[in-house]
Amino acid sequence: MTRMRLHYADTLAPRKACAAARHLGLPMEYRRVDLGRGEHKAPAYLAINPNGKVPALEDGALRLWESNAIICHLAMRAGSALWPAEPAQQVEVLRWMSWEADALNRHGGALYFEHVIRPRFALGPPDEAAMEAATRGFREAAALVEAHLDGRRFLLGDALTVADFAVAAVLPYADQAAIPLSDFPRIARWHDRLMALPAWADPYPPATRH
């Protein structure tokens, strides 16, 4: 298999891609993008991802951006059941990925930004109103996942898929980002199962420069 190149930073969205690549054991060159130095806005990087964001994947002539698209591509490249073979389950994966971006991780990501990104990049004090709104939104979204996980080990049942990596992306930052994970015991147990995966618990490779 041709060696691929994954451009990442140790932030929320790239976490999914790094975890998936390492879990799948794919031949991968990791290139760290230094956000503090603005490397994501450099012309060489914008030629790969014109959005100026991380992650981005190079696979031969393919230049792929958006973390959810990347993890689906990686699972398919590996021939892994992380991307299910059955069309009905593929639709379920897409449903959860579409939902998380506008619900659980939208609000969880806002808490991550206020509590983690702001102090890391010296962006000023947290926005209290934004944190309150995000906490309410996260609780509403988490209640849906909590109910759905009744009787299930993972989102699609007993099998791990890329949907789990996508929807759970913000949960490793629960303590740092004041995400009320302990109020949702089924979600907490699901997250514990993911944290038992070495690649999910420790997704980032040794730092290399872009």
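Refer to the structure presented above.
The following refers to the structure shown.

Rules used in this analysis
Residues numbered from 1 in each chain as written. Predicted model: local features only at pLDDT ≥ 70, side-chain atom pairs only at ≥ 80, totals over all residues. Heavy atoms only, no water. Helix = DSSP H or I, 4+ residues; strand = E, 2+ residues; numbered from the N terminus. Rg over C-alpha atoms; globule rule 2.2 N^0.38 Å. Buried < 20%, exposed > 50% of the residue type's maximum accessible area, 1.4 Å probe, protein only. Contact = heavy atoms within 4.5 Å. Areas by Shrake-Rupley, 256 points an atom, 1.4 Å probe, with all protein chains shown as cover. Pairing = 2+ DSSP bridges. Right-handed = clockwise from strand over helix to strand, strands pointing away.

Below, the discussion takes up the overall build of the protein. In terms of helices and strands, the protein carries nine helices and four strands. Helices and strands appear in the protein in the N-to-C order β-α-β-α-β-β-α-α-α-α-α-α-α. At 17 Å, the protein has a C-alpha radius of gyration in line with the 17 Å of a compact globule built from 210 residues. Referenced to the eigenvectors of the C-alpha coordinate spread, the extents of the protein come out at roughly 45 × 45 × 25 Å. The buried share among the 210 residues of the protein stands at 50%. At a minimum sequence separation of 6, the contacts of the protein that also span at least 24 residues come to 70%. Accessible surface computed for the protein: about 9800 Å², of which carbon and sulfur atoms make up 54%.

Here we take up unusual backbone geometry. Of note, the amide linkage connecting Val54 to Pro55 takes the cis form, showing an omega dihedral of 5 degrees. Here Pro55 is to be found in the loop between α2 (43-46) and β3 (56-59). One non-glycine residue with positive phi stands out, namely Glu66, at about 85 degrees. Mapped onto the fold, Glu66 is located in the loop between β4 (62-65) and α3 (67-78). According to the relative accessible area criterion, Glu66 is partly exposed, its value standing at 47%.

Turning our attention to the pairing of strand β2 (residues 28-32). Across five bridges, the pairing between strand β1 (residues 4-8) and β2 is parallel. Bridge assignment links Arg5 to a residue of β2, and that residue is Glu29. Between the parallel pair β1 and β2, the chain is carried across by helix α1 (residues 12-24), and the sense of this crossover is right-handed.

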